[in-house]
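Close look at the chain arrangement
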Amino acid sequence: MPIEVKHLTHVYMPGTPFEAKALSEVSLSIRDGEFVGIIGHTGSGKSTLITHLNGLEHSEPGVVFVNGVDLGEKDTDLIAIRRVVGLVFQYPEYQLFEETVAKDVAFGPTNLGLDAGEISERVQTALKQVGLDPASVSEKSPFELSGGQKRRVAIAGVLAMRPSILILDEPAAGLDPSGRRDMFDLIRGIHASGVTVVMVSHSMDDVGRLCDRLFVLNRGEIAYSGTPAEVFVHESKLHAIGLDVPECAKLARRLRDAGFDMPEGIYRTEDVCAAIMDNLTQKGDAKC
Amino acid sequence: MLKNITLGQYFPGDSFIHRLDPRTKLLATVALIAIVFVAQGFSGFLLIAAFVVACAVSTGIHLKFLIRGLKPIMLIIIFTFFLNLFFQTGGNELVHIGFLRITDQGLRTAAFMATRLILLVVCSQLLTLTTSPIALTDGLESLFRPLEAIHFPAHEIAMMMSIALRFIPTLMDEADKIMKAQKARGANFETGSLVQRAKAMVPLLVPLFVGAFRRAEDLALAMDARCYRGGAGRTRMKQLKFGKNDLLAGLAILLLLAAVIGLNAIKAF
Ligand SMILES: Nc1ncnc2c1ncn2[C@@H]1O[C@H](COP(=O)(O)OP(=O)(O)OP(=O)(O)O)[C@@H](O)[C@H]1O
Ligand SMILES: [Mg+2]
C-alpha cells in the first residue's frame, strides 16, 4: 500500500480564537498505480490533507504511512519521502525562482544530491514530458513564459525528482479549455508511465473522466468514497454539500426518471451516448 | 517557523474596551504610559498593574496573552535589571562578591526599572489585543488630521499603514505556501551553516517578492479604477464617534492619574 492514512485530524492554530478544524478522522488508502481523485467544496480540507501525504504537515492523532514508513516517526527521512511523493501545489507557477527554466527544474534533483550529468538528463526528460521543447525553453527566464507554460515548468520541476506517487492540487485551475485538456492529457500520460496519481479538484466532470476512485471531502470528513459510479449515485446529497455530478450523469438520471431504459451508474459521455443510441434504436425497431 | 511572528495579534471580542473608540484607546494608552512614568514608588505600580489586569479581565482575554508580549523584550528587561543592580552603588551594602557590590538602593532601582518596563509593554499590549489594526490606523489618521495644516501626510501614512497591515497576513500565508512548495522539492530551510541557510532563502524570497510586486500593481490598478485620489473630501463608511463610554474611560484614566499622584505625594513605598 503506497499511501495509508488512519484517523487523521488536523486543527489550524489550536488554542487561539482562530482555531479551525480542517480535517477530522480521515482514513484512506491509495493503491499502487491508481488514479485517485480528491474532491470537495472550498475549504473542505483537500489541500490540508495532501500536505500530510509527504510529511509537510504532521498532526496528532493520526498516522500516515508511505510505502510502510510512518511519517510521524522522528527518525523518518523526510527528504527520502519527498523524493517518492511528488507534490504539485495549487498555482505552482508562483514557486518559480531561478534565472532559467533549466535551473529551476534542476532545483529538486540538486537537492537530492544527484550528479550534474544525471541532473541535466532529468531536466531534459522532465521538460519533454510536460510538452515543452528543452532546446527552446531551457535558457529562458521562467518569468518570460505564459501562465500555462510556467505551470508546466513547475510540474516538470517535480517530475524531475522521479516520484513514484504524484499529487496535484487543482492542476487545471485558471486554465482555458484547451489548456485544461492539455493538462489532463499530460497527467494521463504521467499515470500511464506507471506513476500513482492523486488529483485534487473541484470539478466532478474532470475527476469522473480521469479517476479510478474518488474521495469526497465535506468539512474535513470523508463523506463518500468509491469508484465514480458509486459516488455519483448520491447526486442530491452531493448537491447539498456544494458539489455536482458530471453533466452526463445528470442527463442519464433524468432520462431514467422520464422512463427511458438507462443503466445505473453511467457517467462517461461515451457510455451515456451509447445508452441513448440503444434507446433510440430499440424504439425504432418497435415502430417498424 | 512562521508561527512565532505575530503582528496582528488582535483578539476579536465585544467587551467595554473592545467597543471604545480607537482614538480613546490610543489616547488612554499614551496617558497610561505617562502615568507609569509619573509613578515614583511600587505602590503606584501596584495600582497601575491592578488597573491593567482589571481591564484585561473585563475583555475576556486570557492573561497569558498579555504576558506573551513580554517575551521578545525579556532580554532587555533582564539586562536593565542587572545593569541597575550592579552599577547603582549608593545605599547599604547587601552582598559583596569580588568586584560586584549589591546595595539595597541598587536592588530597589533595578526592580523599579524592570517593573516600569514590564508595565509599559503590558499597557501597549492591552491596546493591540483589543483594537483591530484597521481601527488603529483609522484612529491614528483621525488624531493626526489636524497636523495636515502643516503638510503632515496623515491620510497617506494611514493608507500605507492599513495596506501594509492588510497584506501582512496574505504575505505570510504566501510565504508559508512557497516554503512548503520548495520543501516538497527537497529544499531544506532548517539546518546547515548560516551561509547555507541564507542561500536556502533565495527560493523563498524571489517568488515572495515577485508576488508582492504583482499584488502591489494589481492593487494600484484596482484603486485607480475606483477613482482613488487621496484623502481630500473622502468620507468613511465607519464614522468614528466619541460616546458616553469614551467619557467613562477618560474619567477612569484621570482617576488613576490622581491616585498615583496622591501616592507620590504621601511618599508611599
Ligand atoms: N494556514 C492556515 N491557517 C488557518 N486555517 C487554515 C490554514 N489553511 C487552511 N485553513 C483552514 O482550513 C480549512 C481547510 O482548508 P484547505 O486549504 O485544506 O481547503 P481546500 O479544500 O484545499 O479548499 P480550496 O478548494 O479553497 O483550495 C479551511 O476552513 C481553511 O480556512
Ligand atoms: Mg486547496
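Residues numbered from 1 in each chain as written. Chains lettered and ligands numbered in written order. Predicted model: local features only at pLDDT ≥ 70, side-chain atom pairs only at ≥ 80, totals over all residues. Heavy atoms only, no water.

Points about the site of ligand 1
All names here are of chain A.
- As a matter of local geometry, ligand 1 sits amid 14 residues, with Gly43, Gly45, Lys46, Ser47 and Thr48 nearest to it.
- The separation between an oxygen atom of ligand 1 and a polar side-chain atom of Lys46 is 2.7 Å.
- Within the side chain of His202, an N or O atom sits 3.2 Å from an oxygen atom of ligand 1.
- For ligand 1, whose accessible area on its own is 640 Å², the fraction buried by protein is 68%. (Near = heavy atom within 4 Å. Polar contact = N/O pair within 3.5 Å; in protein donor to acceptor, adjacent residues only side chain to side chain. Areas by Shrake-Rupley, 256 points an atom, 1.4 Å probe, with all protein chains shown as cover.)

Remarks on helix 11 (residues 244-265) of chain B
All names here are of chain B.
- Across its 22 residues, helix 11 extends 31 Å between first and last C-alpha, which sits within 8% of the 32 Å expected from 1.5 Å per residue.
- Buried-residue contacts for helix 11 involve helix 2 (22-38) and helix 3 (42-59).
- Following helix 11 by one or two positions, Lys267 adopts a phi angle in the positive range, close to 55°. (Helix = DSSP H or I, 4+ residues; strand = E, 2+ residues; numbered from the N terminus. Expected span 1.5 Å × (residues − 1). Contact = heavy atoms within 4.5 Å.)

Focus on unusual backbone geometry
Residue and element names in this part refer to chain A.
- The backbone of His7 sits at a positive phi, close to 50°, despite the residue not being glycine.
- Counting through the fold element by element, His7 comes out in strand 1 (residues 3-12).
- By relative accessible area, which is 44% here, His7 ends up partly exposed.
- A positive phi is found at Arg162, a non-glycine position, where the angle reads about 50°.
- On the secondary structure map, Arg162 appears in the loop between helix 6 (147-159) and strand 7 (165-169).
- By relative accessible area, which is 39% here, Arg162 ends up partly exposed. (Buried < 20%, exposed > 50% of the residue type's maximum accessible area, 1.4 Å probe, protein only.)

Structural notes on the interface of chain A and chain B
- At the interface, 23 residues of chain A touch 19 residues of chain B.
- For the pair chain A and chain B, the two sides together bury roughly 1,800 Å², of which 66% comes from carbon and sulfur.
- When the area that chain A buries against chain B is broken down by residue, the three leading residues are A:Tyr94, A:Gln95 and A:Phe97, summing to 27%.
- Between chain A and chain B we count two salt bridges in total.
- Where chain A touches chain B, the interface holds four residue pairs in polar contact (both at pLDDT 80 or more).
- Those elements that place two or more of their residues in the side of chain A that touches chain B are helix 2 (78-84), helix 3 (101-111) and helix 6 of chain A.
- Looking at the side of chain A that touches chain B element by element, the count peaks at four residues for helix 3 of chain A.
- Taken together, the residues of the side of chain A that touches chain B break down into 13 nonpolar, seven polar and three charged. (Buried area = accessible area lost by both parts, 1.4 Å probe. Salt bridge = Lys/Arg side-chain N within 4 Å of Asp/Glu carboxyl O. Nonpolar A, V, L, I, M, F, W, Y, C, P; charged D, E, K, R; others polar.)

With respect to the confidence of the model for chain B
All names here are of chain B.
- Across chain B, the average pLDDT comes to 86, with 97% of residues at 70 or higher.
- Within chain B, the lowest mean pLDDT, 79, falls on strand 1 (residues 93-97), and the highest, 94, falls on helix 2.
- Contacts from residues 1-7, a stretch scored under 50 in pLDDT, to residues over four places away or in other chains number six contacts.
- Reported confidence for the predicted complex is 0.87 by ipTM and 0.78 by pTM. (pLDDT = per-residue confidence, 0-100.)

A word on the pairing of strand 7 of chain A
Residues and elements named next belong to chain A.
- Summarising burial for strand 7: five of the five residues are buried, a large majority.
- Bridge count for strand 6 (residues 85-88) against strand 7 is four bridges, and the pairing is parallel. Counted as the bridge partner of Val88 is Leu168 from strand 7.
- Of the strand pairs in this sheet, strand 7 and strand 8 (residues 196-201) are connected by five bridges, and their pairing is parallel. Looking at the pairing, Ile165 lines up with Thr196 of strand 8.
- Assessed by its sense of winding, the connection that carries the chain from strand 7 through helix 7 (residues 177-192) to strand 8 is right-handed. (Pairing = 2+ DSSP bridges. Right-handed = clockwise from strand over helix to strand, strands pointing away.)

A short note on the sheet that holds strand 1 of chain A
- Here four strands make up an open sheet; going across it, the order is 2-1-4-5 (chain A) and the pairing antiparallel. Strands at the two margins of the open sheet, each flanked by one partner only, are strand 2 (20-30) and strand 5 (69-70) of chain A.

With respect to the pattern of salt bridges
Residues and elements named next belong to chain A.
- Counted according to the given criterion, the structure contains 23 salt bridges over all chains.
- Across the salt bridge formed by Glu235 and Arg253, the nearest N and O atoms sit 2.8 Å from each other. You can see Glu235 sitting in helix 10 (residues 235-240) and its partner Arg253 sitting in helix 11 (residues 247-257), a full 18 residues away along the chain.
- Note that Lys250 and Asp244 form a salt bridge whose closest N and O atoms lie 3.2 Å from each other.
- Accessibility expressed as a relative area gives 19% for Lys250, which makes it buried.
- The partly exposed category is assigned to Asp244, whose relative accessible area is 28%.
- Sharing partners across several salt bridges, the network here consists of Arg31, Glu34 and Arg213.

Structural notes on the pairing of strand 2 (residues 100-103) of chain B
All names here are of chain B.
- Relative to strand 2, strand 1 is paired through four bridges, and the arrangement is antiparallel. Of the residues in strand 2, the one forming a bridge with Ile97 is Leu100.
- In this antiparallel pair of consecutive strands, strand 1 and strand 2, the connection spans two residues, and Gly98 shows a positive phi of 55°.

Some points on the packing of aromatic side chains
Residues and elements named next belong to chain B.
- Counted according to the given criterion, the structure contains ten aromatic pairs over all chains.
- Ring geometry for Phe42 and Phe112: centres 5.9 Å apart, planes at 90°, overall edge-to-face. Residue Phe42 is located in helix 3, and its partner Phe112 is located in helix 6 (residues 104-130); the two are separated by 70 residues in the primary sequence.
- Relative accessible area serves as the criterion here: at 23%, Phe42 is assigned to the partly exposed category.
- In this structure Phe112 comes out as buried when scored by relative accessible area, which is 11%.
- Three or more aromatic residues joined by ring pairs make a cluster, and in this case those are Phe42, Phe45 and Phe112.
- Over the face of the ring belonging to Phe242 we find Arg23, whose NZ or CZ atom lies 4.2 Å from the ring centre. (Phe/Tyr/Trp six-rings, centres within 6.5 Å; stacked < 30°, edge-to-face > 60°. Lys NZ or Arg CZ within 6 Å of the ring centre and 35° of its normal.)

Considering the sheet that holds strand 10 (residues 221-226) of chain A
Residues and elements named next belong to chain A.
- Strand order in the open sheet formed by six strands is 6-7-8-3-9-10, with mixed pairing between adjacent strands. Strand pairing shows two members of the sheet lacking a second neighbour, strand 6 and strand 10, which therefore form its edges. Each strand axis lies, on average, 15° off the axis of its neighbour in the sheet, ignoring direction.
- Across the face of the sheet, helix 7 comes into contact with strand 3 (35-40), strand 7 and strand 8 while running at roughly 150° to strand 8. (Axes fitted to C-alpha atoms, helices over the stretch in contact; angles between N-to-C directions.)

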